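# Structural overview
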Amino acid sequence: IEMFRAGLSLVSGDLAATHAHARLAMDMAAANEDDVVRSGAAGLSGLAHWACGELDEASRSYATCIDGLLRAQHLSDAIGCYLTVAEIQVEQGRLRAAQATYAEAERVAASTNGEVVRGIADIHVGQSQIALAHGDIQTAREQLAAARSLGEERGLPHYPYRSRLAAAMLAEAEGDLAGALECVLEAQQVY
């Protein structure tokens, strides 16, 4: 109940209440050794920290979330959290850290004994954006192609938007402004 209260508080914009309810949920979940509730509450708290611009605290909350999700074997959810941590690191200008986070997410995805988990396509999109930030257009193109080859069903809910935005960035880097604009318009439509 406290976790759902945290979620409702987040949606209504009451970030202080989000943290308070999330903390109660995490405390109760720790007592019951409930990794899923503890992770969910930590993730909600992380979102509230991110909304406040408290990026280091958001990363710490997401680290707690990831640990619990991995213990519970909720790998796609953990990959989604790795993606969020990488986005925060990019926002902080910590591209190497983001690259390492994407690599760790890729290791987790590879640990599924051949099963392709949702979120793996998003990892490639993120790696493409990091490569572009480093001016490595070839790697960016390869990573985006790898994401596309997996299909949208191997992406998380924001994948259609994120992949088109990454394609727009790649097109711009290659000097194809018309193609970039087309990708941006597609991204807007699927957002």
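See the structure printed just above.
This report concerns the structure included in the present document. (Residues numbered from 1 in each chain as written. Predicted model: local features only at pLDDT ≥ 70, side-chain atom pairs only at ≥ 80, totals over all residues. Heavy atoms only, no water.)

### Observations concerning the packing of helix α5 (residues 75-91) against helix α6 (residues 95-110)
Two elements in contact, α5 and α6, have axes whose closest approach is 8 Å; the angle formed by their N-to-C orientations is 170 degrees. As the angle between them shows, α5 and α6 are arranged roughly antiparallel. Contacts between α5 and α6 involve Leu 75, Ile 79, Tyr 82, Leu 83, Val 85, Ala 86, Gln 89 and Val 90 on the former and, on the latter, Leu 95, Ala 97, Ala 98, Thr 101, Tyr 102, Glu 104, Ala 105, Val 108 and Ala 109. Looking at the contact of α5 with α6, its residues break down into 14 nonpolar, two polar and one charged. (Axes fitted to C-alpha atoms, helices over the stretch in contact; angles between N-to-C directions. Helix = DSSP H or I, 4+ residues; strand = E, 2+ residues; numbered from the N terminus. Parallel < 35°, antiparallel > 145°, perpendicular 65-115°, else oblique. Contact = heavy atoms within 4.5 Å. Nonpolar A, V, L, I, M, F, W, Y, C, P; charged D, E, K, R; others polar.)

### Some words on the environment of Gly 46
Relative to the helices and strands, Gly 46 resides in helix α3 (residues 35-51). Distance in space between the C-alpha atoms of Gly 46 and Tyr 62 is 5.8 Å, their sequence separation being 16 residues.

### Focus on the pattern of salt bridges
According to the stated counting rule, one finds nine salt bridges in the structure shown. Residue Arg 107 is joined to Glu 104 by a salt bridge in which the shortest nitrogen-to-oxygen separation is 2.8 Å. Here the residue Arg 107 and the residue Glu 104 both occupy positions in helix α6, the gap between them amounting to three residues, near one helical turn. We classify Glu 104 as partly exposed; its relative accessible area is 30%. (Salt bridge = Lys/Arg side-chain N within 4 Å of Asp/Glu carboxyl O. Buried < 20%, exposed > 50% of the residue type's maximum accessible area, 1.4 Å probe, protein only.)

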